[in-house]
Amino acid sequence: MKQALETGTLIDGFLIGEKLHVGGMASLWSVTRPDIDTPIVMKVPTIMDGEDAEVIVGFEMEMMILPRLAGPHVPRVFGVGDYASQPYIVMEYIDGQSLFPLLEQSPLPADQVIALAIRIANALRDLHRQNVIHFDLKPSNIMQRKNGEITFIDFGLSRHLQLPDLLEEEFHIPMGTGPYISPEQVLQNRSDSRSDLFSLGVILYHLVTGQRPFGFPQSANGLRRRLWRDPIPPRQHIRDIPMWFQEVILRCLEPDPERRYPTAAQLAFDLQNPGQVQITDRGERLKADGFFSVLKRRMGFAATMGAPHQPDNSAWLNAPIVVVAIDLTEESNALAQALRMHAANVLARLPGARLACVNVLKQNRLTMSYALDDEGRNLHIQRLVELKEWARPLGLAREKMTFHVLEHVDPAAALLEYTRSNHVDHILLGAQGTGALRRFMGSVSSQIVAEAPCSVTVVRVAEDKAE
């Protein structure tokens, strides 16, 4: 059971100290452990009684990604907790300050911003070489240590290219922070590391001009403007910004990632070697493009805007995705065991496969307000914990399985949407034997069999066989 977090509590050997910070997504506590002689903090997700699915999944992604990273540009991790008891990440305390206060001091001298940009670009190079895209790069998530080294924090929206992307699989909305989100993220593309270069371009533009290149959009339409609307050139705000530096910033801010720097390493090289930067119209211009140029770009992007992004599953091309839809009610224990047996058999035949364990939290059509069960537990988290317990006997490596609680008014529609958007190869689901649950599951299984774009196995307990 989840333990109450308060000063003096002992959790997995970590002694809880004072609360250091409370944010919209998580809180930070100072903690100690006898065998750790460096300052450490515990990050705990903020789970309210409302719609917390994105927070829950995002924190789970952070728990998966951070322990795999190393080096001075990410916090060192000392422990990770599970939703079954208390979700947390214990990491080193970063002795430094974020870049956020610099926004209040902007515009800053160009040479100061350039020196900072070099350190950030080199840190990004190291992060990307570890197969991670941050996807929420902004001043408050970039820390400067006392020695000047850059460290990135808050990996709740990040993607590890060698791990399943739970955020992309479960949510089909742009994810990021409005002023810094890249055009690809607006189009729901979470596969391109050049998105971080766009966000860095926004930060550099703001620091050197005192202005945000795309304002602070509050709507989807506002976010889409960056697909075709170029920002005012920095030199229109501050004339003595070097042309080569404007060239670098505007190249980072290109809507088409193919026109940006290919890598953070190449960006860092140009920042460190300004004499090698080839100045084009980007560096020379003093005003934004005219009406007809913008209209032409907008018309060119119109078709792209309406099309859903197809996920980049290159890391999984040779690893089929097998979905098992699990009913977690007590009367379904026998069926759940049968599904586990069939899942083990399928995986034995497909050693490279990934198992996606799915449960649908059925929502009321009239209201989405409930979030707790009769014992006061968060329903989404409880289902997530139960899915992990169901899968434990399979003994699969963590990267070989994922867990998804889909919130939807229509279970069949939720499973079909998940199957189509994630290119699932095989679905396993159960059919109840008797009663009202059979009528409910029967309708779901019938619809899945009729409409799924992949193989479907319906497991029955009574006949001890599968269709």
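Whatever comes next refers back to the structure up there.
Residues numbered from 1 in each chain as written. Predicted model: local features only at pLDDT ≥ 70, side-chain atom pairs only at ≥ 80, totals over all residues. Heavy atoms only, no water.

**A word on the overall build of the chain**
Inference 1: Across its full length, the chain holds 16 helices and 17 strands.
Inference 2: The 467 residues of the chain split such that 52% are buried.
Inference 3: Intrachain contacts of the chain at a sequence separation of at least 6 include 69% that bridge at least 24 residues.
Inference 4: Of the roughly 21,500 Å² of accessible surface on the chain, a fraction of 51% belongs to carbon and sulfur atoms. (Helix = DSSP H or I, 4+ residues; strand = E, 2+ residues; numbered from the N terminus. Buried < 20%, exposed > 50% of the residue type's maximum accessible area, 1.4 Å probe, protein only. Contact = heavy atoms within 4.5 Å. Areas by Shrake-Rupley, 256 points an atom, 1.4 Å probe, with all protein chains shown as cover.)

**Quick word on the nonpolar core**
Inference 1: Among the nonpolar cores identified, the biggest contains 94 residues, and Phe152, Phe245, Leu267, Leu271, Leu355, Cys357 and Trp390 are the most heavily contacted of them.
Inference 2: Per-element accounting of this core gives the leading share, 11 residues, to helix α3 (residues 110-129).
Inference 3: Ignoring anything within four residues of it in the chain, the contact list for Cys357 reads Val324, Ile326, Leu387, Trp390, Ala391, Thr402, Phe403 and His404. (Core = buried A, V, L, I, M, F, W, Y, C linked by side-chain atoms within 4.5 Å.)

**Some thoughts on the environment of Tyr180**
Inference 1: Relative to the helices and strands, Tyr180 is located in the loop between α4 (166-170) and α5 (183-186).
Inference 2: We classify Tyr180 as buried; its relative accessible area is 6%.
Inference 3: Sequence separation between Tyr180 and Asp196 is 16 residues, and the spatial gap between their C-alpha atoms is 9.0 Å.
Inference 4: With residues near it in sequence (within four places) discarded, Tyr180 still touches Leu103, Leu137, Lys138, Pro139, Phe198, Ser199, Val202, Ile203, His206, Arg212 and Arg226.

**Some thoughts on helix α10 (residues 264-272)**
Inference 1: Considered for burial, the residues of α10 that qualify are Ala264, Leu267, Ala268, Asp270 and Leu271. Within α10, the buried residues cover an arc of 160 degrees as seen down the axis, which keeps them to one side.
Inference 2: Among the structural elements, α3, α6 (194-209) and α9 (243-252) are those in contact with the buried residues of α10. (Arc of directions from axis to C-beta.)

**Considering the packing of aromatic side chains**
Aromatic rings considered in pairs are described by the distance between their centres and by the relative angle of their planes.
Inference 1: Considering all chains together, one arrives at three aromatic pairs under this definition.
Inference 2: Taking 5.7 Å as the distance between ring centres and 20 degrees as the angle between the ring planes, the aromatic pair formed by Phe198 and Phe214 counts as stacked. A residue pair is termed long-range when its members are at least 10 positions apart, and Phe198 in helix α6 and Phe214 in the loop between α6 and α7 (220-224) qualify at 16 residues.
Inference 3: When the centroid spacing of 5.6 Å and the interplanar angle of 50 degrees are considered together, the rings of Trp244 and Phe245 count as tilted. In this structure, Trp244 and Phe245 share a single accessibility class: buried.
Inference 4: If you follow Arg251 out to its NZ or CZ, it ends over the ring of Tyr261, 4.0 Å from the centre. (Phe/Tyr/Trp six-rings, centres within 6.5 Å; stacked < 30°, edge-to-face > 60°. Lys NZ or Arg CZ within 6 Å of the ring centre and 35° of its normal.)

**Remarks on helix α13 (residues 333-349)**
Inference 1: With 17 residues, α13 extends 25 Å from end C-alpha to end C-alpha; this agrees with the ideal 24 Å at 1.5 Å per step.
Inference 2: Those residues of α13 lying buried are Leu335, Ala336, Ala338, Leu339, His342, Ala343, Val346 and Leu347. (Expected span 1.5 Å × (residues − 1).)

**Points about the sheet that holds strand β7 (residues 96-98)**
Inference 1: Strand order in this open sheet of three strands is β7-β9-β10, and the pairing throughout is antiparallel. Edge positions in the open sheet fall to β7 and β10 (150-152), since each of these has one partner strand only. Neighbour to neighbour, the strand axes of the sheet diverge by 30 degrees on average, direction disregarded.
Inference 2: Two elements, β7 and strand β9 (residues 142-145), share three bridges in a ladder whose sense is antiparallel. What sits directly across from Gln97, in β9, is Gln144.
Inference 3: Where α3 meets the sheet, its contacts fall on β9 and β10, and the angle it forms with β10 comes to roughly 50 degrees. (Pairing = 2+ DSSP bridges. Axes fitted to C-alpha atoms, helices over the stretch in contact; angles between N-to-C directions.)

**Brief notes about the side chain of Ser445**
Inference 1: Structurally, Ser445 is set in helix α16 (residues 435-451).
Inference 2: Judged by relative accessible area, Ser445 falls into the buried class, the value being 6%.

**Digging into the pairing of strand β3 (residues 26-32)**
Regular strands have side chains that alternate between both faces of the sheet.
Inference 1: In this sheet, β3 lies alongside strand β2 (residues 14-22) in antiparallel orientation, the contact comprising five bridges. The partner of Val22 across the bridge, within β3, is Ser27.
Inference 2: Once β2 ends, the chain turns through three residues before running back antiparallel as β3.

**A closer look at the packing of helix α1 (residues 53-65) against helix α14 (residues 379-391)**
Inference 1: Axis separation between α1 and α14 bottoms out at 10 Å; the angle between their running directions is 40 degrees. Classed by the angle they form, the pair α1 and α14 counts as oblique. Between α1 and α14, the residues in contact are Ala53, Ile56, Val57 and Glu60 and His380, Ile381, Leu384 and Lys388, respectively.
Inference 2: Of the residues contributing to the contact of α1 with α14, the split by class is five nonpolar, one polar and two charged. (Parallel < 35°, antiparallel > 145°, perpendicular 65-115°, else oblique. Nonpolar A, V, L, I, M, F, W, Y, C, P; charged D, E, K, R; others polar.)

**Side note on the layout of surface pockets**
Inference 1: In this structure, the largest pocket occupies an estimated 1,100 Å³ of space.
Inference 2: Lining of the largest pocket is provided by 41 residues; of these, Met25, Lys43, Asn141, Ile153 and Asp154 occupy positions nearest its centre.
Inference 3: Of all the secondary structure elements, the ones that give two or more residues to the lining of the largest pocket are β2, β3, β4 (40-45), α1, β6 (89-92) and β7.
Inference 4: For the lining of the largest pocket, the leading source of residues is α1, giving five residues.
Inference 5: Across the lining of the largest pocket, the residue classes tally to 20 nonpolar, 14 polar and seven charged.
Inference 6: Two domains share the lining of the largest pocket, each providing at least three of its residues, namely domain 1 (10-92) and domain 2 (96-310). (1 Å grid on protein atoms, 1.4 Å probe; cavity = no way out; pocket = protein on both sides within 12 Å on 5 of 7 lines; lining within 4 Å. Points joined across faces, edges and corners; volume = space filled by probe spheres on them. Domains from an automatic or database assignment.)

**Concerning the sheet that holds β2**
Inference 1: An order of β1-β2-β3-β4-β6-β5 is seen for the six strands of this open sheet, with the pairing classed as antiparallel. Each edge of the sheet is formed by a strand with only one pairing partner; in this case those strands are β1 (10-11) and β5 (77-80).
Inference 2: Set on the sheet, α1 makes contact with β4, β5 and β6; between it and β4 the angle comes to about 145 degrees.

**A look at the pattern of salt bridges**
A side chain with one charge can pair with a side chain of the opposite charge if their charged atoms come near.
Inference 1: Evaluation of the coordinates by the stated rule reveals 22 salt bridges.
Inference 2: Across the pair Lys388 and Asp82 runs a salt bridge, and its minimum N-O distance is 3.4 Å. Pair noted here: Lys388 is in helix α14 and Asp82 is in the loop between β5 and β6, with a separation of 306 residues, a long-range link.
Inference 3: What makes Asp82 partly exposed here is its relative accessible area of 30%.
Inference 4: Here Glu389 ties to Arg392 by a salt bridge, and the two come within 2.6 Å at their closest N and O atoms.
Inference 5: Through salt bridges with shared partners, a single ionic network connects Arg159, Asp165, Glu168 and Arg190. (Salt bridge = Lys/Arg side-chain N within 4 Å of Asp/Glu carboxyl O.)

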